[in-house]
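Okay, here's what each chain looks like letter by letter:
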Amino acid sequence: MNTYKISIEEAPLNVIYRHGEKAFPYECCGFLYGDEQNGRRITLAKPVANSKEGDQRRRFEISPVEYMKAENYALENNLSLLGVYHSHPNHPAIASQHDLSVAMPYFSYVIVSVMDGKVADIKSWQLKEDKQEFYEERVKIETDTFSPV
Amino acid sequence: MAKIIIPTPLRKFTGNTATFETKGQTIGEAIQELIDNHQALSKHLLDDNNKLRSFIKVYLGEEDINSLQKEATSVAENAVISIVPAIAGGC
């Protein structure tokens, strides 16, 4: 059993959930930002367009230009770009072979399962060093975070 | 000198630095200089034939080098080169 963990604050979690349900039955996607001062903690989720041509019910893609904007946003706002989220409409939140085939090290790949339009589950995955498979990061939802008015 | 922007997931292979200054005259030379200085990057950027992996894009400014002269694309003195990993997947 691994002890890898990712904390997600309530605000970004709600962004991910709302995006997944709004995009249903298509896949949604976005970037995850935060810090690693006391373990990996997601403080911001920013939705981006699914630019995959063709059937977006089973696939997502983020354009290179959006990726470059995300790296710039992290630098300008003193945040770390820590990963990507996407939804699995009517599928479990298990990383697929498609997810594995282009995954990068270090990034957290957060997957939200949306069943019949409602969020059913959320899991996070990170690539192992050998690049052959993912390991699961235990998702801890931070509900006691201060939200400035 | 031209500058290469390292994507966050690969910065652990560059001592956590986000940029690399290069004297390379072409994209190919610039990438090779980067790898020569940070050899652990090689398996993430290049395939078995020493070509850029299909899921790694390289941009010169805001242009994909595949729409220019690919690795032979000339690099100007103050150019900004971005290494961009493909972000994709699905269920």
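Note that the structure is a prediction, hence the values are computed from the model and not measured.

Caption draft 1: Examining the interface of chain B and chain A more closely. Across the boundary between the two partners, chain B contributes 23 residues, which contact 28 residues of chain A. Contact between chain B and chain A buries roughly 2400 Å² in total, counting both sides, with carbon and sulfur atoms accounting for 67%. When residues of chain B are sorted by the area they lose upon contact with chain A, Pro9(B), Ile87(B) and Cys91(B) head the list and together hold 33% of the total. Where chain B meets chain A, there are 2 salt bridges. Put simply, Arg11(B) and Glu71(A) hold a salt bridge, and the shortest N to O gap is 3.2 Å. At the surface where chain B touches chain A, the tally comes to 10 residue pairs in polar contact (both at pLDDT 80 or more). At the level of secondary structure, the elements contributing two or more residues to the side of chain B that touches chain A comprise helix H2 (42-45), strand S3 (56-60), strand S5 (80-85) and strand S6 (87-89) of chain B. Counted by class, the side of chain B that touches chain A contains 13 nonpolar, 6 polar and 4 charged residues. Across 3 bridges, strand S4 (residues 60-62) of chain A lies against S6(B) in antiparallel orientation. When the bridges of S6(B) are listed, Glu61(A) appears paired with Ala88(B).

Caption draft 2: Main features of the sheet that holds strand S6 (residues 108-115) of chain A. Residues and elements named next belong to chain A. The mixed closed barrel is built from 7 strands, whose spatial order is S1-S3-S2-S5-S6-S7-S8. Strand-to-strand twist of the sheet, defined as the mean angle between neighbouring strand axes without regard to direction, takes the value 35°. As paired strands, strand S2 (residues 29-35) and strand S3 (residues 40-48) are joined by 7 bridges and run antiparallel to one another. Bridge assignment links Asp35 to a residue of S3, and that residue is Arg41. Across the sheet, helix H1 (residues 10-23) lies against strand S1 (5-9), S2, S3, strand S5 (80-89), S6, strand S7 (118-127) and strand S8 (134-142), angled at about 35° from S3, the strand it touches most.

Caption draft 3: Layout of the side chain of Glu142(A). All names here are of chain A. Following the sequence through the fold, Glu142 ends up in strand S8. A residue is classified by how much of its surface remains accessible, and Glu142, at 8% relative accessible area, is buried. Engagement of the side chain of Glu142 in a polar contact is seen with the side chain of Lys140, the distance being 3.2 Å. Once residues within four sequence positions are removed from consideration, Glu142 is found in contact with Ser7, Ile8, Glu9, Glu10 and Arg41.

Caption draft 4: Representation of the side chain of Ser113(A) in the model. All names here are of chain A. With respect to the secondary-structure elements, Ser113 resides in strand S6. Overall, Ser113 belongs to the buried group, its relative accessible area being 2%. Ser113 has contacts with His88, His91, Pro92, Ala93, Lys118, Val119, Ala120 and Asp121, leaving out every residue within four places of it along the chain.

Caption draft 5: Fine view of the pairing of S6(A). All names here are of chain A. Of all 8 residues that make up S6, 7 are buried, and the element is covered over most of its length. As defined by bridge partners, S5 adjoins S6 across 7 bridges and the pair is classed as parallel. Bridging from a neighbouring strand, Gly83 pairs with Ser108 of S6. One ladder, built from 8 bridges, connects S6 with S7; its direction is antiparallel. Its bridge partner being in S7, Ser113 is matched across the sheet by Asp121. Here S6 folds back onto S7 in antiparallel fashion, the turn holding 2 residues, of which Asp116 has a positive phi close to 50°.

Caption draft 6: Representation of the packing of aromatic side chains in the model. Residues and elements named next belong to chain A. By the definition in use, this model includes 5 aromatic pairs over all chains. Between Phe31 and Tyr67 the ring centres are 5.9 Å apart and the planes differ by 65°, which places this aromatic pair in the edge-to-face class. Placement of the pair is Phe31 in strand S2 and Tyr67 in helix H2 (residues 64-76), with a sequence separation of 36 residues. Among the aromatic residues, those joined into a cluster by ring pairs are Tyr106, Phe107, Tyr109 and Phe134. In this arrangement the basic side chain of Arg40 is found over the ring face of Tyr106, its NZ or CZ atom lying 4.5 Å from the centre.

Caption draft 7: Layout of H1(A). Residue and element names in this part refer to chain A. Given a rise of 1.5 Å per residue, 14 residues ought to cover 20 Å, and the 20 Å separating the end C-alpha atoms of H1 matches this to within 8%. Looking only at H1, the buried set comprises Pro12, Leu13, Val15, Ile16, His19, Gly20 and Ala23. For H1, the angular spread of buried residues about the axis comes to 155°, placing them on one side. Turned more than 90 degrees from where H1 packs its buried face, Arg18 and Lys22 sit exposed.

Parameters at a glance
Residues numbered from 1 in each chain as written. Chains lettered and ligands numbered in written order. Predicted model: local features only at pLDDT ≥ 70, side-chain atom pairs only at ≥ 80, totals over all residues. Heavy atoms only, no water. Contact = heavy atoms within 4.5 Å. Buried area = accessible area lost by both parts, 1.4 Å probe. Salt bridge = Lys/Arg side-chain N within 4 Å of Asp/Glu carboxyl O. Polar contact = N/O pair within 3.5 Å; in protein donor to acceptor, adjacent residues only side chain to side chain. Helix = DSSP H or I, 4+ residues; strand = E, 2+ residues; numbered from the N terminus. Nonpolar A, V, L, I, M, F, W, Y, C, P; charged D, E, K, R; others polar. Pairing = 2+ DSSP bridges. Axes fitted to C-alpha atoms, helices over the stretch in contact; angles between N-to-C directions. Buried < 20%, exposed > 50% of the residue type's maximum accessible area, 1.4 Å probe, protein only. Phe/Tyr/Trp six-rings, centres within 6.5 Å; stacked < 30°, edge-to-face > 60°. Lys NZ or Arg CZ within 6 Å of the ring centre and 35° of its normal. Expected span 1.5 Å × (residues − 1). Arc of directions from axis to C-beta.

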